[in-house]
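An overview of the molecular structure
If you want the building blocks of each chain, they are given just below.
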4 protein chains.
Amino acid sequence: MTLTIGIVGGTGHAGGELCRLLLNHPGVATILPTARGGEDLERVHPNLLGSGLAFTTVEQLRERAGELDAVFFCTPSGEAMRSAPYFLERGVKVIDVSADFRFADADRYREVYGEEHASPQLLPEAVYGVTELYRDRVAKARLVANPGCYAITTVLGLAPLLRSGLADLDTAIHLAAVNGTSGAGNKPLTEIMHAEAFASMLPYSLEGHRHAPELETQLTPLAGREPCVDMTTAHGNFVRGIYIQASVAVRAEARAGLDRAALLDLYREHYAGEHFVRVNTFAKQGKLNAKEYGVYPSLTSVTGSNFCHIGVDYDPVRGFAKVVAVTDNLVKGAAGSAIQNMNLMFGLDERAGLGHYGL
Amino acid sequence: MTLTIGIVGGTGHAGGELCRLLLNHPGVATILPTARGGEDLERVHPNLLGSGLAFTTVEQLRERAGELDAVFFCTPSGEAMRSAPYFLERGVKVIDVSADFRFADADRYREVYGEEHASPQLLPEAVYGVTELYRDRVAKARLVANPGCYAITTVLGLAPLLRSGLADLDTAIHLAAVNGTSGAGNKPLTEIMHAEAFASMLPYSLEGHRHAPELETQLTPLAGREPCVDMTTAHGNFVRGIYIQASVAVRAEARAGLDRAALLDLYREHYAGEHFVRVNTFAKQGKLNAKEYGVYPSLTSVTGSNFCHIGVDYDPVRGFAKVVAVTDNLVKGAAGSAIQNMNLMFGLDERAGLGHYGL
Amino acid sequence: MTLTIGIVGGTGHAGGELCRLLLNHPGVATILPTARGGEDLERVHPNLLGSGLAFTTVEQLRERAGELDAVFFCTPSGEAMRSAPYFLERGVKVIDVSADFRFADADRYREVYGEEHASPQLLPEAVYGVTELYRDRVAKARLVANPGCYAITTVLGLAPLLRSGLADLDTAIHLAAVNGTSGAGNKPLTEIMHAEAFASMLPYSLEGHRHAPELETQLTPLAGREPCVDMTTAHGNFVRGIYIQASVAVRAEARAGLDRAALLDLYREHYAGEHFVRVNTFAKQGKLNAKEYGVYPSLTSVTGSNFCHIGVDYDPVRGFAKVVAVTDNLVKGAAGSAIQNMNLMFGLDERAGLGHYGL
Amino acid sequence: MTLTIGIVGGTGHAGGELCRLLLNHPGVATILPTARGGEDLERVHPNLLGSGLAFTTVEQLRERAGELDAVFFCTPSGEAMRSAPYFLERGVKVIDVSADFRFADADRYREVYGEEHASPQLLPEAVYGVTELYRDRVAKARLVANPGCYAITTVLGLAPLLRSGLADLDTAIHLAAVNGTSGAGNKPLTEIMHAEAFASMLPYSLEGHRHAPELETQLTPLAGREPCVDMTTAHGNFVRGIYIQASVAVRAEARAGLDRAALLDLYREHYAGEHFVRVNTFAKQGKLNAKEYGVYPSLTSVTGSNFCHIGVDYDPVRGFAKVVAVTDNLVKGAAGSAIQNMNLMFGLDERAGLGHYGL
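These figures come from a predicted structure and were not determined experimentally.

1. Thoughts on the interface of chain C and chain D
- The partner chain D presents 56 residues to the 56 residues of chain C that form the contact.
- In this assembly, chain C packs against chain D so that about 4,700 Å² is buried in total across both faces, 59% of it on carbon and sulfur atoms.
- Our enumeration of links across chain C and chain D arrives at six salt bridges.
- In this structure, Glu207(D) engages Lys284(C) in a salt bridge whose closest nitrogen and oxygen atoms are separated by 3.3 Å.
- There are 28 residue pairs in polar contact (both at pLDDT 80 or more) connecting chain C and chain D.
- Those elements giving two or more residues to the side of chain C that touches chain D turn out to be β7 (173-179), β8 (202-204), α9 (211-223), β9 (229-235), β10 (242-249), β12 (308-315) and β13 (320-327) of chain C.
- Per-element tally for the side of chain C that touches chain D: the top contributor is β9(C), with six residues.
- By residue class, the composition of the side of chain C that touches chain D is 30 nonpolar, 14 polar and 12 charged.

Encoded structure:
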């Protein structure tokens, strides 16, 4: 199969990553990324030097809709919901890497993004693209809402625990999330210059992150009720990566006898057979107070790959289950999972073009 | 005044930092750091090249106890509680940068450190050295228990909020703390080699960190009751720095009308007049969803200095107060606050030798 | 084709990288990395979590020599020259990523490595594996000496210039090379712990680097005579990557009219058609003194990939051609070029398993 | 003594660093940094949170010239040469941290900066401010041209060698210099955003760096003739620091018997008694090929301090002396040495306000 793929918004980090990954995809023949006009793709994405890829414009892409198999949107909020119908009507499948189709409910969208949804009629059919949870629906979809990077990492990290019924949801779930600076966009701002952000931690949006409602919505079917998600975010001193650390209160009646091993069993079983989600089950040596870094996932294990690594522990004194989940925010958190979904939508091997392990 | 200062344990990060800071202290004439024997101080601490400082041994330091004004312990748990009496009996003031005297209660010590306390008779007089909170007691002390780096940053970060009575302490306080790799000690381990730890996040001790009981104990007098502290720790990709992000539930009856400005007023007033604790009160521009990094403290603002910067916010949807506090783990988190305490104990200007701002 | 591949020395950075890349190689069925015994491969290389790979021992690998198609050596100097004959005699092709077969001359080996060569009879047939220069010989080889990471980057960077005859070789070639800390090995040493090496530059071997003789030897056929190579090396604050900056004096009679454009033409033409070597030809905007970073390659453009990016310039006042070449030291500098050679030796597509672009 | 100090150009890295250091200077009472208007100093320099410093404008500073003891220029090229006379005429001493007064010769200035010098009459009296070399002249100066960060580090690094007469100056001196990203200015540019520059090496100005003529001029009195300086520059993955690696050919007749020890003696003797310049003389263990990082200076040894650390070696095969010199580009490379000069100009202790060691 030789697909022709459009990428609306090819100048940003996610658009560039789609180009990078699709260039190495055995089922993709043509890649058409767009820019406003005039930009040199290889100068914007110097890692693609000599690849021969060049930008087209959205207008030109629309004109060539008849040739396209799928189009990805890597655009600011608002564009995909306006342009998706055009492509869908012409038989082009749409994978939206932006936030436009992540809420099934147009009211919730307005609440969070402060704007009326432009295509509310499409919301019911948009499939939320956590492949591991919604594989069958993704395979049949013509419109996929690819999750945010924080959201997919958290959903994967918490799914086994929430489905198990162990969590006390009268208590908020606490998420401390750290993102690489590629998640800050590529508009030059003083605070995210190298000289400012290097060796630092840059907290932001402490009054409530935009992805918290996305998470509360997406965790609801897993938990059986809508949880309260207290989310705090910062940029760390790295470019790629999402590091999620979650504290989830365990129901009082479920605490007796609970330990790390039991949680590991739960997670291992839940993700048995999943290629891209792996649980770190390394045993502790058991020395009192030893810092055993190896028993949890580290961020760099997944850099550049479509993997999500998950580690767990349990604080028996305070009754909290602890979950650490890491992904590459540009791969599993954006372009990689989008391609994983594309593979399913076209009947390809789910791993096609995504076979490489983390650096 | 020209003090003669001993440093038991001069080869580690905290001991080296004490040397660095005391070399520039106007009231200190002689510095006597110890090592096991044979180490070349300038090779262990190449930033002190040409300083003329050299290691002595603990045995030699004991013989010279009569010359000493104060001795700092930068040793693993267990040594200070065995050696402090020797120096105290000879009129030498003791500032323990290790954990030995942080619990007033010998039973709690045994519980956390798995060992009987060697000098329980000294516990009642040891003053917990958060200078800003216990200035008068520190000034009169002959034995100061310097706080852990996580603890001092958290105590300073939460003191105004807990004293205000706004916090709902039926709910756990959640702390997500990130430490530089200097906090991992200087024993070569594979996981904290540059090639492994660079650009990563390394979580550890998720089953319950040793500093959590220290914190629960120290927050008790501020909160009026013992809080539950759910603490998660990781090393970030930097050498120096503690970054604390805390989520504290606000009592339901206190939520109406609460906002960031009100919390900032509370903090500003609490720390009015404090030199080393500063509150970031920069106003938000108010744009919807803008990432305004500058309105919170960033870690590098305090690097190399004895300052603690604090920022706050409020999530009105979920009712959580958010606090970010940053320090240099080797300065305010160890050697700097120890010197701040020393200054008070000898009637010196509290800022002596600590005047420099962060890089 | 489904190859069975042995990797002698699977615990280090190069061995781990071979595993990582071969796991995603369409022509490789079985990977057998070795360790001393007892190590858990997924714990040593946590990026390979869940891959199912496990270590065997050298002894077991020897017993299974009959099943092997090729064996890679990622061992300290001395082992490959002792073990290669065993495998070669059993029809197993050998790709030596260590330094044992890089000199055609046993005397030169002894001079540089201070030891008698154990298999001098094999030296004449060992092909030096800069694929782009020696493609035909590699394709027919049964023993390939894979170049050092500094050497391959430099040879690729200088080949067009030296072959052109522009260089004045009465003057030394000056190389300032910076390597990531993965090039420092994985033995825990204080100086390369994160807390020491972060944000630093660590120069080493300034009295003459071991790779300088390798370079002088390998540049000889390109230059027509043996050049003097003054090489200086340091580790930079990154894990992966070789950054080479070379200054080459231009012969006085060739300076008139020489400029960056002419050098770019030379390089572009030389590497026309090469997939893995790409020349950065972006035009300068021409503003006086502007820092136009984009007109030269940056290290991160090639991270994780088998590409070598090259940039050039010319200082007309002083008559020096400047060359910058960058590779990932673990890919093009080791495991990647070794696989590129393996592909040729087995008649596979040269790019098989190496298709991904840099991060 | 209580000085009143103006800083023209207080928003950049050097201006901010002057503020930081002068705030901790015992002889300085008032600091008046300027900005265009409207900027909040503590937001531009968050490390100075709560310091009480605020920006004034150049116009206001001129009006208050009568109160000023000295004024520093931290401005783009061109401003100091226009404004210095105003202040000098009013008895204010001038320390120019920009490049305007670094050439004694107005023709050379025009050649390098492409503009006519505005105050050529001042050039003869401007003292080039490498304090360690020109201490007496600085002490009497009313106008000091503070050296560039590359220049001061190189001049200090090469002075003993060039003065010794060992260098063969028919051969170019090769300088490979790496600068932190604070040296790239604080104007937001895509290439120096964190997401682009992190973990990279960013070469620039390979066609001939603007500081090369400054160096050739300044090395002339040390060498006895004008040397050719082939200089290559890049930004490394750190914020602060200049790392200079120089290769200097040794005259053929001086090579016999030369070794690292002899060069170390030369350097140690040259800098005996200098506080801020220190030579790393740690002995090698002598193991063949060991990477002994500790025997050379590392960049982080001087971070945040006014020190310059120097290391040397000798390649006997090729006849090159190797020099490594490191400074903090914002301290010894700019604000620190400017204050060192100010101290001399006002008869203060040369070390006043600069006493702290590197981090």
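2. A short note on the pairing of strand β4 (residues 93-96) of chain B
Residues and elements named next belong to chain B.
- Sheet topology note: the strand β3 (residues 70-73)/β4 ladder contains four bridges and is parallel. Residue pairing for β4: Ala70 is matched across the bridge by Lys93.
- Following the chain from β3 across helix α4 (residues 79-89) to the adjacent parallel β4, one finds a crossover that is right-handed.
- Where β4 lies against strand β6 (residues 143-145), three bridges are found, and the strand directions are parallel. In the sheet register, Ile95 faces β6, and the bridge partner there is Val144.

3. Description of unusual backbone geometry
- The phi dihedral of Ser205(B) is positive, around 55°, even though this residue is not glycine.
- Looking at the element boundaries, Ser205(B) is found in the loop between β8 (202-204) and α9 (211-223).

4. Description of the relation of the copies chain C and chain D
- Rotating chain C by 180° and translating it 0.0 Å along the rotation axis places it on chain D, where the RMSD comes to 0.0 Å. When the rotation and shift are considered jointly, the pair of chain copies conforms to a two-fold rotation axis. Measuring from the rotation axis to each C-alpha of chain C, the shortest distance belongs to Asn237(C), at 2.8 Å.
- Counting the interface residues of chain C, we find that 100% of their copies in chain D are interface residues as well, pointing to one common contact surface.

5. What to know about the pattern of salt bridges
Residue and element names in this part refer to chain A.
- Across all of its chains, the model carries 96 salt bridges over all chains by this definition.
- For Glu132, the salt bridge is made with Lys332, and the minimal N-O distance between the two is 3.0 Å. In this pair, Glu132 is assigned in helix α6 (residues 131-140) and Lys332 in helix α11 (residues 331-345), connecting sequence segments 200 residues apart.
- Classification of Lys332 by relative accessible area gives buried; the value is 0%.

6. Section: the interface of chain C and chain B
- Taken together, the 18 residues of chain C in the interface contact 20 residues of chain B.
- Together chain C and chain B conceal approximately 1,500 Å² of surface at their shared face, both sides included; 68% is due to carbon and sulfur atoms.
- The three residues of chain C that bury the most area against chain B are Pro188(C), Met193(C) and His194(C), which together make up 40% of that side's buried surface.
- On the surface where chain C and chain B come into contact, there are zero salt bridges.
- It is helix α8 (residues 194-197) of chain C that contributes the most residues to the side of chain C that touches chain B, four residues altogether.
- Tallied by class, residues from the side of chain C that touches chain B come to nine nonpolar, seven polar and two charged.

7. Some thoughts on the environment of Val138(C)
All names here are of chain C.
- By the secondary structure assignment, Val138 is in helix α6 (residues 131-140).
- Residue class for Val138 comes out buried when judged on its relative accessible area of 0%.
- C-alpha separation for the pair Val138 and Leu222, spaced 84 residues apart in sequence, amounts to 17 Å.
- Ignoring anything within four residues of it in the chain, the contact list for Val138 reads Val127, Gly129, Val144, Asn341, Leu344 and Met345.

Calculation rules
Residues numbered from 1 in each chain as written. Chains lettered and ligands numbered in written order. Predicted model: local features only at pLDDT ≥ 70, side-chain atom pairs only at ≥ 80, totals over all residues. Heavy atoms only, no water. Contact = heavy atoms within 4.5 Å. Buried area = accessible area lost by both parts, 1.4 Å probe. Salt bridge = Lys/Arg side-chain N within 4 Å of Asp/Glu carboxyl O. Polar contact = N/O pair within 3.5 Å; in protein donor to acceptor, adjacent residues only side chain to side chain. Helix = DSSP H or I, 4+ residues; strand = E, 2+ residues; numbered from the N terminus. Nonpolar A, V, L, I, M, F, W, Y, C, P; charged D, E, K, R; others polar. Pairing = 2+ DSSP bridges. Right-handed = clockwise from strand over helix to strand, strands pointing away. Least-squares fit on C-alpha atoms with pLDDT ≥ 70 in both. Buried < 20%, exposed > 50% of the residue type's maximum accessible area, 1.4 Å probe, protein only.

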